[in-house]
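# Chain and residue survey
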Amino acid sequence: MIIKVSIINVPINSAFDYLVPEELERKIRVGQLITAPFNTYLAYGVVIELNVPHSVFELLPIRSICQDEPYVSKEMVSVALSVSDHFLCPISKLIEMTLPTRFSEFAEFEYSLLNAQWVERKSQIEQQILLFINGKGVVNGNKIEKQFPTVKTKPILSMLVKANLLQRAPRLPKAVARTKYVKTAAIAISRQTFYEHENDLGKTPVTNERRRMALEYLFDEGIPVAVNWVYASSGCNKADLDELADREYIVLSEVEIFRDPLERVNHRSLGYGQPADLTSDAAAKETLQVMLDSQAKSSDIKPSFLYQKSDQKSSDSVYLRVVENAINEGRSAMVLAPEMAFTPKLVRLFSLKFPGLVGLFHSGMSNGEKYDTWMRVYSGKIKIIVGTMSALFLPINDLGVIILEECHDSSYRSAFSPIFDSIYVAEKLKKQFNTLNIYSSQTLPIELLYKEKYNISDQKTGLLKLLPSLPTAFETDLEIKLIDMRLELKTGNRDVLSRGLQESLRQSLANGEQAILFLNRRGDSTYVFCRDCGQSLRCENCDSVLVEHKMENSRSTMLLCHSCGFNMIKPEKCPKCDSKSIQSYGLGVEKLEEKCKGLFPTARILRWDLDSAKSEVLDELALVHFANHSADILIGTQMMAKKYQFPQVTTIGLVLADVGLSLPDPFVNERIFQLYYEIIHLAGKQAKTRVYIQTFQPENELLRLITNIEPAEFFGWEVQNRFRLNLPPFCSLINLEYHHSDQNSAKYDAYQIAGVLRSKLSAIGDEKAEVIGPVPAYTNIKNPFAGWRILLKNVKIEMIKELDLGQGWKIDVDPITI
DNA sequence: AGCACGCCGACT
DNA sequence: GTCGGCGTGCTC
């Protein structure tokens with residue numbers, strides 16, 4: 001039999017065919033971990049297909065099957081293959097994601113002496129190495145390296161192998177993470193025996209006393225205790241315990257322990273825990289009923305639900321009920337959040353109702369924690385997985401529900417290889433396990449809403465259904481003002497805070513209420529605009545916004561168009577109105593904090609940016625701090641979006657809403673709308689909240705729509721934009737990005753590939769397909785020409801496969817940003 | 001990733 | 001004339 005194997009820990013795109021020795025043919029199954037000769041060494045691989053047709057190669061047989069029961073289910077293998085196929089990422093990388101933990105990075109070799117009488121005239125170091133190996137019998141390559149740290153041992157060893165003095169054999173490295181054990185000690189004698197021997201425990205009185213103390217302590221405990229505790233409480237050491245064990249006074253053993261990542265989850269709650277009673281929320285109640293009905297029906301293709309959230313508490317209740325239903329049916333659930341920081345509240349929500357059944361999984365956990373959680377999922381102990389997108393490939397049995405919280409978030413798509421999309425994976429899982437899928441958000445993605453509206457079912461998303469079916473009216477008492485900062489300037493206020501916002505802050509503080517100031521940092525000072533006419537500088541050819549680049553070897557600043565490659569030296573005057581107040585606009589969080597301190601010296605100000613949100617703990621502390629009203633003004637960047645709700649907040653200021661508005665990216669409108677919508681909704685729903693959106697371009701249509709905060713209206717507008725510009729959902733996109741240290745060859749290679757694609761497309765007469773570029777990629781500020789980008793519209797993925805792009809190319813299928 | 005192969009410059 | 005630098009390309 002010939003099988004297809006994905007070799008793991010080898011960064012290659014293809015899988016390899018192997019023969020199965022006759023004696024293994026009955027045992028071989030898809031998903032099994034096997035070992036096979038690869039190149040010059042032995043490697044691990046996962047079986048991804050059986051009974052492969054004969055290929056032209058001279059095939060090698062696999063060496064062994066590592067375990068009979070596959071680590072990876074055939075369903076998971078199928079999902080991994082689909083993802084690899086659609087997003088064109090290496091199958092080995094996806095298979096690795098399905099495995100318990102990374103297996104050791106490198107192939108290892110072990111060496112043994114082949115010829116006992118080594119030649120005397122060998123150099124001294126060679127003799128030393130041979131002596132070392134002779135002393136040990138069989139030695140691991142890296143042990144030899146450690147023994148001779150000053151020498152490069154690998155070439156010497158290779159030479160000795162060639163000279164027939166050494167034998168080299170490939171050795172499989174052990175998995176990095178494994179079950180953790182802790183050594184324990186327990187008393188094994190009676191008090192009586194103890195008293196008989198308490199004075200002859202050691203040779204010296206000091207030793208005797210240490211051992212006596214240890215025994216005393218173990219008597220007190222009565223049960224097996226971790227040896228570390230014994231050391232700590234009695235001052236004894238390992239030798240003492242070994243001696244006592246030899247005399248059979250105590251019993252040493254090992255206990256498997258479970259590294260619980262949930263230990264660190266802070267169970268102080270920010271108003272979470274008690275789910276809302278749904279009887280008062282008609283929309284949520286109806287939503288839940290539809291979902292439960294869908295869960296009950298087992299056959300047919302079910303839609304995935306787009307859940308238009310209006311209120312966090314109601315949606316939590318919906319999740320709880322849906323998950324409960326799955327658990328009752330003996331199935332399990334997967335609840336994902338876009339970022340690690342959002343997982344604690346989900347853990348809290350579910351572990352209150354299902355203690356012991358919840359497991360957390362995200363990339364921030366240690367290898368050991370991940371390994372243990374993986375094993376507990378594999379063995380069926382964990383029924384509810386809370387985590388980020390890396391949890392999608394956990395070996396969960398009989399999956400019943402998949403929930404993606406805040407499904408619009410860009411973190412649901414990996415930024416680096418393998419680049420893929422969580423919703424795509426969720427759809428594939430649904431196909432395999434017949435799950436109920438819920439994609440939930442306050443601001444649902446345009447593309448999904450569009451497909452739902454026109455009943456478009458494709459490979460990417462399947463069939464979608466929007467719930468609640470009736471759009472929820474906006475209930476919060478909000479007063480939103482768009483502030484023209486040009487007018488502020490003209491009337492003499494050069495401050496970053498408008499008079500209206502200052503007055504509102506003053507009022508909130510006077511009433512003992514709270515305020516949030518938001519500063520969008522994206523595109524920090526990289527774009528240039530005129531303070532008088534409010535216009536950003538745009539490309540002469542294609543009207544895209546020009547982006548500022550400080551050139552390394554020059555004092556002048558370059559403006560660069562990322563759509564067509566046009567560039568110019570930054571002018572001194574605004575080309576439109578001749579004003580000299582043309583500048584790149586950047587305002588730091590620190591600066592804003594100072595400003596506020598100056599204006600409101602008595603207010604307690606809390607800054608929340610990258611520095612203060614480094615760790616989960618600090619992050620949570622800051623929030624609790626603010627929620628408890630230990631601070632009056634919260635200043636933050638986009639990371640505070642969609643966190644929690646703060647009922648005492650009555651003023652929200654978007655300090656400079658323009659930032660990021662005009663980034664050269666076709667998806668920027670949607671991202672800004674989602675972000676600002678989230679920020680505005682940080683306010684609770686108890687008091688009237690005043691929102692100030694400060695801008696230099698109040699006529700901007702997007703800002704007007706944000707001020708209206710009517711998602712349906714924004715949807716209509718943006719769908720028209722997408723149609724006009726022929727963007728998703730009206731076309732498919734593939735973004736190719738190429739990076740090379742050498743500017744010229746980067747450009748040359750990119751142009752060459754674009755040329756090949758164009759001629760291929762015209763050869764087959766594909767009129768819908770389009771090749772745009774290459775243009776400089778917006779990734780490297782210092783050296784903007786090092787990266788080049790080609791955007792493909794309606795080009796079939798098979799065509800890219802045929803190109804077989806080499807190193808340096810990044811392939812982004814269905815990109816969400818370019 | 002790890003290794004072989006192969007093409008150029010430094011040294012016996 | 002040979003050793004060894006690492007640039008390129010292959011692994012069933």
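Source: prediction; values computed, not measured. (Residues numbered from 1 in each chain as written. Chains lettered and ligands numbered in written order. Predicted model: local features only at pLDDT ≥ 70, side-chain atom pairs only at ≥ 80, totals over all residues. Heavy atoms only, no water.)

## What to know about the overall build of chain A
Put simply, the test is: Secondary structure follows DSSP: runs of H or I at least 4 residues long count as helices, runs of E at least 2 residues long count as strands, and numbering of each begins at the N terminus. By definition in these notes, contact holds between two residues if any of their heavy atoms fall within 4.5 Å.
For chain A, the helix and strand inventory stands at 24 helices and 33 strands. Once local pairs closer than 6 in sequence are excluded, the contacts in chain A between residues at least 24 apart make up 74%.

## A short note on unusual backbone geometry
For the bond running from leucine 467 to proline 468, omega is -10°, close enough to zero to count as cis. With respect to the helices, strands and loops of the structure, proline 468 is situated in the loop between strand 18 (464-467) and strand 19 (478-484). A cis amide bond, omega 10°, links proline 728 with the succeeding residue proline 729. At asparagine 51, a residue that is not glycine, the phi angle is positive and equals roughly 50°. Structurally, the position occupied by asparagine 51 is in the loop between strand 4 (41-49) and strand 5 (64-65).

## Structural notes on the packing of aromatic side chains
Convention followed: By convention, a stacked pair of Phe, Tyr or Trp rings (six-membered ring in the case of Trp) has centres within 6.5 Å and planes under 30 degrees apart, an edge-to-face pair has planes over 60 apart, and any other such pair is tilted. To sort residues, take the accessible area from a 1.4 Å probe on protein chains only and compare it with the maximum for the residue type: under 20% means buried, over 50% means exposed, and anything in between is partly exposed.
In this structure the tally under the stated criterion is 19 aromatic pairs. Here tyrosine 307 and tyrosine 319 contribute two aromatic rings whose centre-to-centre distance is 6.4 Å and whose plane-to-plane angle is 85°, an arrangement assigned as edge-to-face. Of this pair, tyrosine 307 sits in strand 12 (residues 304-308) while tyrosine 319 sits in helix 11 (residues 312-328); the two residues are 12 residues apart in sequence, bridging distant segments of the chain. Here tyrosine 307 matches tyrosine 319 in class, with each residue buried. Consider the rings of phenylalanine 673 and phenylalanine 714, whose centres lie 4.0 Å apart with planes at 0°: the pair is stacked.

## Some words on the protein's contact with DNA strand C
Definition in use: Throughout, near means a residue has at least one heavy atom within 4 Å of the molecule or strand. Polar contacts here mean pairs of N or O atoms no more than 3.5 Å apart (in protein, one a potential hydrogen donor and the other a potential acceptor; neighbouring residues in sequence count only if both atoms are side-chain atoms). Only Asp, Glu, Lys and Arg are considered charged, only Ala, Val, Leu, Ile, Met, Phe, Trp, Tyr, Cys and Pro nonpolar, and every remaining residue, Gly among them, polar.
The immediate surroundings of DNA strand C are formed by Ile12, Phe16, Asp17, Tyr18, Pro37, Phe38, Asn39, Phe57, Leu59 and Leu60. Within 4 Å of the protein, the atoms of DNA strand C are drawn from sugar and phosphate moieties in a proportion of 43%. One of the backbone nitrogen or oxygen atoms of aspartate 17 is found 2.5 Å away from a base oxygen of DNA strand C. A distance of 3.0 Å separates a sugar or linking oxygen of DNA strand C from a polar atom in the backbone of leucine 60. Contributions of two or more residues to the surface near DNA strand C are made by strand 2 (16-19) and strand 3 (33-38). At 3 residues, the largest contribution of residues to the surface near DNA strand C is made by strand 2. In terms of residue class, the surface near DNA strand C is made up of 8 nonpolar, 1 polar and 1 charged.

## Looking at the sheet that holds strand 12
To keep things clear, this is the line we draw: Pairing between two strands requires that DSSP report at least two bridges joining them. Helix axes use the C-alpha atoms of the stretch in contact, all axes being lines fitted to C-alpha atoms, and the angles between their N-to-C directions lie in the range 0 to 180 degrees.
Taking strand neighbours across the sheet as the criterion, the 7 strands line up as 14-15-13-16-17-12-18 in an open arrangement whose pairing is parallel. Both edges of this open sheet fall to strand 14 (358-361) and strand 18, since each of them pairs with a single strand only. Each strand axis lies, on average, 20° off the axis of its neighbour in the sheet, ignoring direction. In this structure, strand 12 lies alongside strand 18, joined through 4 bridges in parallel fashion. Looking at strand 18, one finds that leucine 306 is bridged to leucine 466.

## Brief notes about the pattern of salt bridges
As a reminder of what qualifies: The salt bridge definition used is simple: a Lys or Arg side-chain nitrogen within 4 Å of an Asp or Glu carboxyl oxygen.
Enumeration according to the criterion identifies 40 salt bridges in this entry. For the salt bridge of aspartate 242 with lysine 238, the shortest nitrogen-to-oxygen distance reads 3.1 Å. Highlighted residues: aspartate 242 and lysine 238, both in helix 9 (residues 238-246), separated by 4 residues, approximately one helical turn. We note a salt bridge from arginine 722 to glutamate 718, for which the minimum N-O separation is 3.0 Å. Placement of both arginine 722 and glutamate 718 in helix 22 (residues 711-725) is noted, with a separation of 4 residues, approximately one turn of the helix.

## Observations regarding the packing of helix 11 against helix 12 (residues 343-353)
Rule in force here: For this classification, under 35 degrees means roughly parallel, over 145 means roughly antiparallel, 65 to 115 means roughly perpendicular, and everything else is oblique. Crossing handedness follows the turn of the near helix against the far one: under a right angle anticlockwise gives a left-handed crossing, and clockwise gives a right-handed one.
The contact between helix 11 and helix 12 brings their axes to 11 Å, and the two run at 50°. One finds that helix 11 runs oblique with respect to helix 12. Like other packed secondary-structure pairs, helix 11 and helix 12 cross with a definite hand, here right-handed. Across from Gln312, Asp316, Tyr319, Leu320, Val323 and Glu324 in helix 11, the residues of helix 12 making contact are Lys345, Leu349, Phe350 and Lys353. For the contact of helix 11 with helix 12, a count of residues per class yields 5 nonpolar, 1 polar and 4 charged.

## Comments concerning the nonpolar core
The line we're drawing: By nonpolar core is meant a set of buried Ala, Val, Leu, Ile, Met, Phe, Trp, Tyr and Cys residues that side-chain atoms within 4.5 Å join together.
With 144 residues, the main nonpolar core has Phe350, Leu429, Leu736 and Ile800 as its most contacted residues. Not counting residues within four places of it along the chain, the set of residues in contact with leucine 736 comprises Leu757, Trp788, Arg789, Ile790, Leu792, Ile800, Leu805, Trp809, Lys810 and Ile811. Among the nonpolar cores identified, the runner-up in size contains 24 residues, and Ile483, Leu517, Ile605 and Leu656 belong to it.

## Observations regarding the environment of valine 496
Relative to the helices and strands, valine 496 is located in the loop between helix 16 (485-490) and helix 17 (499-510). Given the relative accessible area of 16%, valine 496 is considered buried. In sequence terms valine 496 and proline 61 are 435 residues apart; their C-alpha atoms lie 71 Å from each other.

## A word on the packing of helix 7 (residues 205-221) against helix 9
Contact geometry for helix 7 and helix 9: axes closest at 10 Å, N-to-C directions at 70°. One element, helix 7, and the other, helix 9, form an angle in the roughly perpendicular class. For the pair helix 7 and helix 9, contact is made by Thr207, Arg210, Arg211, Ala214 and Leu215 and by Asp240, Leu241, Glu243 and Leu244, respectively. The class makeup of the residues in the contact of helix 7 with helix 9 is 4 nonpolar, 1 polar and 4 charged.

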